[in-house]
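# Topology and contacts: notes
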Amino acid sequence: VLDVDGIEVQTTNRSVIACPVTWRGKWAFDDGRLIDDPPACDGPDRFASDVSEVDPDLVLFMFGWSGTIAGRELADGTIVNPCEAGFDDRFGEDLTELVDRLGAGRSSVVATVAPPTEYRNLEQSDRPECMNRVIRAGDYPVYEFGEWLCPDADCAAAEPLRRDSVHFAGTSEVQSVIWPAILSGVLDAAGYRQ
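Here goes a summary of the coordinates provided. (Residues numbered from 1 in each chain as written. Predicted model: local features only at pLDDT ≥ 70, side-chain atom pairs only at ≥ 80, totals over all residues. Heavy atoms only, no water.)

## Comments concerning the pattern of salt bridges
- The tally for this structure, following the rule as stated, stands at 10 salt bridges.
- Its salt-bridge partner being Glu-53, residue Arg-14 comes within 3.0 Å of it at the nearest N-O pair. Here Glu-53 lies in helix H1 (residues 48–54) and Arg-14 lies in the loop between strand S2 (7–9) and strand S3 (26–29), a separation of 39 residues in the sequence.
- Overall, Glu-53 belongs to the exposed group, its relative accessible area being 57%. (Salt bridge = Lys/Arg side-chain N within 4 Å of Asp/Glu carboxyl O. Helix = DSSP H or I, 4+ residues; strand = E, 2+ residues; numbered from the N terminus. Buried < 20%, exposed > 50% of the residue type's maximum accessible area, 1.4 Å probe, protein only.)

## Concerning a negative patch on the surface
- A grouping of Glu-118, Glu-147, Asp-152, Asp-154, Glu-159 and Asp-164 is seen on the molecular surface, where their side chains present a negatively charged patch.
- On the accessibility criterion, Glu-118 (54% relative accessible area) is exposed. (Patch = residues over 30% accessible without salt bridge, like charges linked within 9 Å, V, L, I, M, F, W, Y side chains within 5 Å. Areas by Shrake-Rupley, 256 points an atom, 1.4 Å probe, with all protein chains shown as cover. Lys, Arg positive; Asp, Glu negative; His and termini not counted. Charge placed at Lys NZ, Arg CZ, Asp CG, Glu CD.)

## Brief notes about helix H2 (residues 85–102)
- Helix length check: H2 (18 residues) gives 25 Å between terminal C-alpha atoms against 26 Å at 1.5 Å per residue, within 8%.
- Within the sequence span of H2, burial applies to Phe-87, Asp-88, Arg-90, Phe-91, Gly-92, Asp-94, Leu-95, Leu-98, Val-99 and Leu-102.
- Looking at the buried residues of H2, the elements they touch are H1, strand S5 (58–61), strand S6 (70–73), strand S7 (79–80), strand S8 (107–111) and helix H3 (127–136). (Expected span 1.5 Å × (residues − 1). Contact = heavy atoms within 4.5 Å.)

Pasting the structure below:
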């Protein structure tokens, strides 16, 4: 339990690595590799049992690298990448469905994505902002996580917090910085503090 400016917050993390918003199809990397989603993310009802079990007051939807370094292969074999209408439209529709389904009857906040601290392929560098445009267009509160972590897309100050170009380090020192800051912004976005 954390005290965030006088509000007691208990968090439960039910995230799954590489679990995409857009669940149909496969991850399609620019080098031609195709990777299936984790079994826990296979299907439209993913995370339903987690929400039912935890019964949270607020659900935070937060995404890491999903879609920033890979696109999706669709059932017809077409590959769509972020910043292309086929990907962005589908991502937006699937995100809205996910928020509506898992956030029904509770507060929901969607976090923007932050850019990686480095890019193996500079052609991918616009993808986080393309995804953020789609996220910001939705009908739900948005927490500007990407701006907090990498203001003006500059991630230099965040590098000591990350163990790689996307994931946070698991040390207690890093966690003590991250969670209060994230939760403060999320509570503001959700309207808990006016």
